[in-house]
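Coordinate inspection notes
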Amino acid sequence: MTWKKMMMEVEKGLPEGVKFQVSYDRSELIEAAIESVKGTLTEEMIAVSIVVLLFLFHWRSALIILIQLPISVAIGFILLEAFGLSSNIMSLTGIALAIGVVVDDGIVMVENAYRHLAEATWAKTFAERLSVIEKSCKQVGPGVFFSTIVTIASFLPVFLLTGMEGKLFSPLAWTKTFILLVDAFLAITLTPVLIALILKGKGKLKPESANPITRFLEKLYTPVLKLCLRWRKTTLAVMVIALAVSVPMMMRLGTEFMPPLDEGSLLFMPVTLPDVSNSEVKRLLQVQDKLIASVPEVSHVLGKAGRASTATDNSPISMLETIILLKPKSEWRAGMTKNDIINELNAKLQIPGVVNGWTQPIINRINMLSTGIRTDVGLKVYGQNLDTIYSVAQLLKKELEGIEGVKDLYVEPITGGKYIDVVVKREEIGRYGLSVDDVNMLVESALGGMVLTTTVEGRQRFTVNARFAQDFRNNLDALRRLQLQTARYGPIPLEAVADVRISEGPPMINSENAMLRGTVLFNVRERDLGSTVQEAQQKLNAAVKQLPKGYYIEWSGQWENQIRASRTLRLILPIVLVIIFFVLYATYHSVKEALITMITVPFALIGGVYMVYFYGVNLSVAVAVGFIALFGMAIETAMLMTIYLNEAMQRLVEEKGNSSETITNADLREWVIWGAAKRLRPKLMTVSVSLFGLVPILWATGVGSDVMLPITLPLIGGTISSTLYLLLVTPVVFVLTKERELKRHGKIEVYDVKE
């Protein structure tokens, strides 16, 4: 039974007029996010289907490709269940990233078989057609398998992420890896069977040149390629300049740990004075809730003060928490954004003695559990004396004031707590025949209450506590008049045997690493986290040098996570490139060919950087994961081009021999154009599927889209730039390499590389 059904059952037994009111339900956010991602996945599949149909103009071929996709995804979900992984935003994003690669494998297999069958007009019987299909699948199968392995290998370093980023992205990495592993085996086992069963034309299969889209693209591409081969230095210079321009653009990008997920709600966490009374807190909550509810975009407000009866909640009475549920965006005022709502609420809630703080419920809990800081950034001050720590924290707060992006700046109070001290006069209690325990018992029963007995009512047990009534303990004079019973002198006032006074002390003592700790807290809004903290660090450098001996500061919060993630990614990215290189070398058995294919990676970065820059997205772990996925996708397409260019060299050698006496530079250019242009359809199909499969994420607006977008932006931009590089620059680099081989060795190196 779910908790909702259980509450409905319990509600039936409540007194008339009493009912449950759900103030915060996280399951609604989860369901909305999953539905949003599912809708995006559906749009992706539709876009992929349209691209396949347009390029092949043959519904049976498209059907074979599209059958493989749901089977791969379904088996991937089975493996997720087997490994105990749940379906969430990240795992569904992994499916979105895998769709393009899964369809690419089917495209290469089916398109090659289609071409062979269309050319094999002599194949009339089923056995003859089967031999043609077998030959075509053997030709491309190994290349399809290894290109998928390259994509998988390039993504494996995501598993090396640790901490919060590891927990966030491991479902994405597992999902994509499972689906691609399944796809790699289905491509060489199931797809050939589907081709034999479904791809039936009996002479009706049209050659590649009969497709109007292919003819148009080939006519458009061939003269451009010839121009690039004629102006080779200019072509290379343009690409190098584009790469050089992307470097300062990347340096100007803001940085953050993770793109914030719009939870559809707000958490208002104001802090007031440490000695605030219960009655004042209640009044404050009522005033704040009324002001918050007056904003039209707010649907529900629930505020609380104090803490739950649990060891994990150490909130003092002075720290309030108010959960604010927002209406759907369709009901907001025109032009309103979430930041506008926060600014409007913050302006309404300027109450003397209260420091406002704004965050979201889920990210707040994650921050507090992972770093102990309830805001985006915290500056921890360590030392041995609370007063000194507090004065240092106030100095740091003063330095941080005025920095752009720093919001909700606040020093966690270390002093200012009010305590009632009852100091026993030992000479006086001796005169009255009393002991210290007698005085302590009176104070305990008067203020804290003491357990008298336990009552049993049916199957329930209740403790019975007793303490003085409110009128007898609501001020110091009343406490001093508390009556203490003596054996010889009757009742005497407490002030006769003890001094009762109020003193100041720490409202809460925090310690970490065996040292006392104070904290300066702030959120970052309307600016990226990285540049805000870096400016703050530069400003605090002088102040830090003047700290007393034995005192030091430490940055925490999301900045702590960002530093750890950046350090891990700097280690991971070279590993990605090394893994890709070795897989390429295992495929080509040539260092030269592997390096020519690897050159695609930096030029794929160009489009990724441009896309991230113009969308105004900050660099984060999500963007880095997008770039890692881009590496594998770019290498896969580059392998396809390299294979077709090598096939062209094989045909050249078969026709003219392998000697500088029979092969000219003009021959090399002619056959490179043939290898690049005549097999344009599979290249453009794989690129188009990858590109248009991700495009629906650009216009997605549902819950979770703000997390998916930073991952897919590098993929979309990088796919465009790597495609331009592969179609226009790779043939130029290939021709230059072959001309150099012909000049130095009198022949060209020919590699028998399967697709």
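Predicted model, so just to flag it, every value in this text is computed and none were measured.

**Let's talk about the environment of Tyr-221**
Along the chain, Tyr-221 turns up in helix H7 (residues 212-230). Beyond its immediate sequence surroundings of up to four residues, Tyr-221 is in contact with Met-641, Ala-676, Ala-677, Leu-680, Leu-727, Leu-728 and Pro-731.

**As for the sheet that holds strand E3 (residues 320-326)**
Strand order in the open sheet formed by 4 strands is E2-E3-E1-E4, and the pairing between neighbours is antiparallel. At either end of the open sheet lies a strand with only one pairing partner, and these are strand E2 (298-305) and strand E4 (358-359). When E2 meets E3, the two strands line up antiparallel, connected through 7 bridges. Looking at E3, one finds that Leu-302 is bridged to Ile-323. Lying over the sheet, helix H10 (residues 338-348) contacts strand E1 (265-268), E3 and E4, oriented at roughly 30° with respect to E1. The sheet contacts of helix H11 (residues 361-371) involve E1, E3 and E4, and relative to E1 the element is tilted by about 50°.

**What to know about the environment of Ser-660**
With respect to the helices and strands, Ser-660 occurs in the loop between helix H20 (621-656) and helix H21 (665-677). Along the chain, Ser-660 and Gly-746 lie 86 residues apart, while their C-alpha atoms are 4.9 Å from each other. With near-sequence residues (within four places) excluded, Ser-660 lies in contact with Leu-742 and Gly-746.

**Considerations on the packing of aromatic side chains**
Scanning the entire structure with this criterion turns up 11 aromatic pairs. Seen from their ring centres, Tyr-382 and Tyr-552 are 4.9 Å apart, and the 20° between their planes marks the pair as stacked. Taken together, the residues span a long stretch of sequence, with Tyr-382 in strand E5 (residues 377-383) and Tyr-552 in strand E15 (residues 552-557) at a distance of 170 residues. The structure contains a cluster of three or more aromatic residues connected by ring pairs, namely Phe-83, Phe-159, Trp-174 and Phe-178.

**Description of helix H12 (residues 386-400)**
Because an α-helix packs 3.6 residues into every turn, residues spaced three or four apart end up facing the same way. Between its first and last C-alpha, H12 extends 21 Å over 15 residues, near the 21 Å set by a 1.5 Å rise per residue. Taken residue by residue, H12 has Leu-386, Ile-389, Val-392, Ala-393, Leu-396 and Leu-400 as its buried positions. Taken end-on, H12 shows its buried residues confined to a sector of 125°, consistent with a single buried face. Pointing more than 90 degrees away from the buried face of H12 are the exposed residues Asp-387 and Lys-398. Buried residues along H12 sit against E5, strand E6 (406-411), strand E14 (515-524), helix H16 (529-545) and E15. In this structure Asn-385 caps H12, since a side-chain oxygen of it lies 3.0 Å from the backbone nitrogen of Asp-387. Looking one or two residues past H12, Gly-402 carries a phi angle of roughly 95°, positive in sign.

**Quick word on the pattern of salt bridges**
What the rule picks out here adds up to 18 salt bridges. Lys-397 is paired through a salt bridge with Glu-401; the nearest N and O atoms lie 3.0 Å apart. In this structure Glu-401 comes out as partly exposed when scored by relative accessible area, which is 41%. With a shortest N-O distance of 3.2 Å, Arg-480 and Asp-477 are connected by a salt bridge. Residue Arg-480 and its partner Asp-477 are both found in helix H15 (residues 476-480); the two are separated by 3 residues, about one turn of the helix. A single salt-bridge network, built from bridges that share partners, covers Lys-380, Glu-412, Glu-512 and Arg-517.

**Let's talk about the pairing of strand E8 (residues 450-457)**
Where E8 meets strand E9 (residues 460-466), 7 bridges bridge the pair, whose relative direction is antiparallel. Residue pairing in the sheet places Thr-454 in a bridge with Thr-463 of E9. Here E8 folds back onto E9, and the loop between the two strands holds 2 residues, one of which, Gly-458, carries a positive phi near 65°.

**Overview of a nonpolar patch on the surface**
Residues Ile-46, Ile-50, Leu-54 and Phe-57 make up a contiguous nonpolar surface patch of about 390 Å² in total accessible area. Positionally, Phe-57 belongs in the loop between helix H2 (26-56) and helix H3 (59-82).

**Section: the nonpolar core**
Soluble globular proteins tend to bury their nonpolar side chains together. Val-52, Val-103, Ile-195, Tyr-221 and Met-649 are the most contacted members of the largest nonpolar core, which has 68 residues in total. If you tally residues by element for this core, the top one is helix H4 (residues 89-119), at 14 residues. Core analysis: the second largest hydrophobic core is formed by 56 residues, Leu-161, Met-611, Val-623 and Leu-709 among them.

**A short note on the side chain of Gln-558**
Topologically, Gln-558 is positioned in helix H17 (residues 558-588). Not counting residues up to four positions away in its chain, the partners in contact with Gln-558 are Phe-257, Ile-363, Asn-367, Asp-376 and Leu-529.

**Thoughts on helix H14 (residues 436-448)**
The end-to-end C-alpha separation of H14 is 17 Å, in line with the 18 Å expected for 13 residues at 1.5 Å each. The set of residues buried in H14 consists of Val-439, Leu-442, Val-443, Ser-445 and Ala-446. Of the surrounding secondary structure, the elements contacted by the buried residues of H14 are strand E7 (417-424), helix H13 (426-431), E8, E9 and strand E10 (483-485). The first or second residue beyond H14 is Gly-449, which carries a positive phi of 90°.

Calculation notes
Residues numbered from 1 in each chain as written. Predicted model: local features only at pLDDT ≥ 70, side-chain atom pairs only at ≥ 80, totals over all residues. Heavy atoms only, no water. Helix = DSSP H or I, 4+ residues; strand = E, 2+ residues; numbered from the N terminus. Contact = heavy atoms within 4.5 Å. Pairing = 2+ DSSP bridges. Axes fitted to C-alpha atoms, helices over the stretch in contact; angles between N-to-C directions. Phe/Tyr/Trp six-rings, centres within 6.5 Å; stacked < 30°, edge-to-face > 60°. Expected span 1.5 Å × (residues − 1). Buried < 20%, exposed > 50% of the residue type's maximum accessible area, 1.4 Å probe, protein only. Arc of directions from axis to C-beta. Polar contact = N/O pair within 3.5 Å; in protein donor to acceptor, adjacent residues only side chain to side chain. Salt bridge = Lys/Arg side-chain N within 4 Å of Asp/Glu carboxyl O. Patch = residues over 30% accessible without salt bridge, like charges linked within 9 Å, V, L, I, M, F, W, Y side chains within 5 Å. Areas by Shrake-Rupley, 256 points an atom, 1.4 Å probe, with all protein chains shown as cover. Core = buried A, V, L, I, M, F, W, Y, C linked by side-chain atoms within 4.5 Å.

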